[in-house]
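Coordinate analysis (summary)
Chain residues, written in single-letter form:
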Amino acid sequence: MNYKIAVVEGDGVGPEIVAAAKDVLAAVGKRFKHTFTFADAPMGGCAIDKFGEPLPQSSVDTAKASDSVLLGAVGGPKWDYAPKRPEEALLGIRKALGLFANLRPVKLYKELADASPLAERVRENGIDFVIVRELTGGIYFGEKGYRNGAYGREAYDVEAYGEIEIERIARTAFELAEKRNKRLLSVDKANVLLSSKLWRKVVHDVAEDYPTVVLDDMYVDNAAMQLIRRPSDFDVVLTSNMFGDILSDLASALVGSIGLMPSASFGVANPALFEPIHGSAPDIAGTGTVNPVATIMSAAMMLRLSFNLNAEAAAVENAVAKAISDGCRTKDVAGKTHTPLSTEQMTREIIARI
Ligand code: IPM
Ligand code: MG
């Protein structure tokens, strides 16, 4: 089979991690007899520089015409004061493709347990949960603007969620919970926010269609604390766009590095989009030290979720796990005990195990 993948290298470390994932996909293609063809879809700061737009229409078209989208990272200090920010491309492409569901698996590799800042007694039962983040609604997409307020010029961003938006992301989470351990935690701030009250009501209504799943609710502030105190108790965590953004960075720290965490974003139609949860890391861009695992694991999610290539996805995941258990480490997780590998060396070690 031939699969057409739109590729967004983006900014900072983006090109380095995307190159790593493309090499891994090429290796998978060779072993399993598929061809993956890549079409560049420039977005972010580099697109601002080249086209004056963070999200050129031609890139949206390229993405829409592909079977799947692989994205590195966008943004950087160079565009901090640009009239349009690179991040608009990311939000824009998620919206343009209708990618309302974002899965962020959080898994502690036992060999990397030392990279986790958690005490051994907290992590000894392992960490393995998935954050289901709503991705095209809420405060990141709500009405925003400036107005005059009691304290002078005021800026505002509106958090709003519609029932249909909540229902469809809740169904995604319940279906995932059915396939896992049948426990779902919905995280909100229903003690304060009306949008969270509606969220909670709709999630409980949807729960009636999934009688085998045990549903719990937690306020987001408490969830942040419990994730650190007892991360092993979490399984599927359903939450809004902003809470999911924040909690997933927190979660990545629990497992040792944000450079390990992949994500998949999908909607009702194809294509879906796959990207690491981390950003463009301008401080280490070009140094060849970025951890490619988050992006490579995102490519594995693509193989499974976009192309239904389960054996191929497992081959990548196992190769990553094997490389890690064999002691291969990039700088972010090397600690004092390992000599850090470069991005390219780490990628080669993974490919050698596919
Ligand atoms: C993420 C990122 C993005 C987000 C930023 C870069 C706009 O933090 O994917 O988590 O907030 O969604
Ligand atoms: Mg984020």
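Residues numbered from 1 in each chain as written. Chains lettered and ligands numbered in written order. Predicted model: local features only at pLDDT ≥ 70, side-chain atom pairs only at ≥ 80, totals over all residues. Heavy atoms only, no water.

Overview of the site of ligand 1
As a matter of local geometry, ligand 1 sits amid Glu87, Leu90, Leu91, Arg94, Arg104, Arg133, Tyr140 and Asp245. Within the side chain of arginine 94, one N or O atom sits 2.6 Å away from an oxygen atom of ligand 1. In this structure, aspartate 245 approaches ligand 1 through a side-chain N or O atom, which is 2.9 Å from an oxygen atom. Coverage of ligand 1 by the protein chains reaches 79% of its 320 Å² of free accessible surface. The element contributing the most residues to the shell around ligand 1 is helix 4 (residues 87-96), with four residues. (Near = heavy atom within 4 Å. Polar contact = N/O pair within 3.5 Å; in protein donor to acceptor, adjacent residues only side chain to side chain. Areas by Shrake-Rupley, 256 points an atom, 1.4 Å probe, with all protein chains shown as cover. Helix = DSSP H or I, 4+ residues; strand = E, 2+ residues; numbered from the N terminus.)

A look at the pairing of strand 8 (residues 183-188)
In summary, the side chains of a regular strand alternate between the two faces of the sheet. Within strand 8, five of the six residues are buried, leaving the element largely enclosed by the surrounding structure. Across six bridges, the pairing between strand 8 and strand 9 (residues 214-219) is parallel. Each bridged residue has a counterpart across the sheet, and for aspartate 188 the counterpart in strand 9 is tyrosine 219. On the question of chirality, the crossover connecting strand 8 to the parallel strand 9 by way of helix 7 (residues 194-207) is right-handed. Of the strand pairs in this sheet, strand 8 and strand 10 (residues 236-239) are connected by four bridges, and their pairing is parallel. For serine 186, the partnering residue across the bridge sits in strand 10 and is leucine 238. (Buried < 20%, exposed > 50% of the residue type's maximum accessible area, 1.4 Å probe, protein only. Pairing = 2+ DSSP bridges. Right-handed = clockwise from strand over helix to strand, strands pointing away.)

Looking at the nonpolar core
Core analysis: the largest hydrophobic core is formed by 63 residues, its most contacted members being Phe36, Val132, Phe174, Leu184, Leu238 and Leu303. Here this core gets eight residues from one element, more than from any other, and that element is helix 10 (residues 293-305). No fewer than three residues from each of domain 1 (1-103 + 260-354) and domain 2 (117-132 + 160-254) sit in this core. Setting aside residues up to four positions removed in sequence, leucine 184 forms contacts with Ala173, Phe174, Ala177, Val213, Val214, Leu215, Asp216, Val236 and Leu238. Counting 23 residues, the second largest nonpolar core, distinct from the first, contains Val122, Met218, Ala223 and Met261. (Core = buried A, V, L, I, M, F, W, Y, C linked by side-chain atoms within 4.5 Å. Domains from an automatic or database assignment. Contact = heavy atoms within 4.5 Å.)

Here's the deal with the sheet that holds strand 12 (residues 272-276)
Ordered by their spatial adjacency, ten strands build an open sheet running 2-1-3-12-11-4-5-10-8-9, and the pairing between neighbours is mixed. Sheet topology places strand 2 (35-40) and strand 9 at the edges, where each strand pairs with a single neighbour. For this sheet, the mean angle separating the axes of adjacent strands, direction not counted, is 25°. Inspection of the sheet shows strand 3 (residues 68-73) paired to strand 12 by three bridges, in the parallel sense. What sits directly across from leucine 70, in strand 12, is phenylalanine 274. Together, strand 5 (128-134), strand 8 and strand 9 form the strand contacts of helix 8 (residues 220-229), whose direction differs from that of strand 9 by roughly 105°. (Axes fitted to C-alpha atoms, helices over the stretch in contact; angles between N-to-C directions.)

Here's the deal with the side chain of asparagine 102
Note that asparagine 102 resides in strand 4 (residues 101-107). Among the polar contacts made by the side chain of asparagine 102, one reaches the main-chain carbonyl oxygen of alanine 264 at a distance of 3.2 Å. With residues up to four places along the chain from it excluded, the contact list for asparagine 102 reads Ile131, Val132, Arg133, Leu135, Ser263, Ala264 and Ser265.

Considerations on the environment of threonine 339
The residue threonine 339 is located in the loop between helix 12 (331-334) and helix 13 (343-352) in this model. Considering only alpha carbons, one finds threonine 339 and leucine 305, 34 residues apart in sequence, at a separation of 34 Å.

Some points on the side chain of histidine 34
By the secondary structure assignment, histidine 34 is in the loop between helix 1 (14-32) and strand 2. Classification of histidine 34 by relative accessible area gives buried; the value is 14%. In terms of polar contacts, histidine 34 uses its side chain to reach the side chain of glutamate 312, at 2.6 Å. In contact with histidine 34, other than residues within four places in its own chain, are Met1, Tyr3, Gly29, Leu309 and Glu312.

That is the geometry; function is a separate question.
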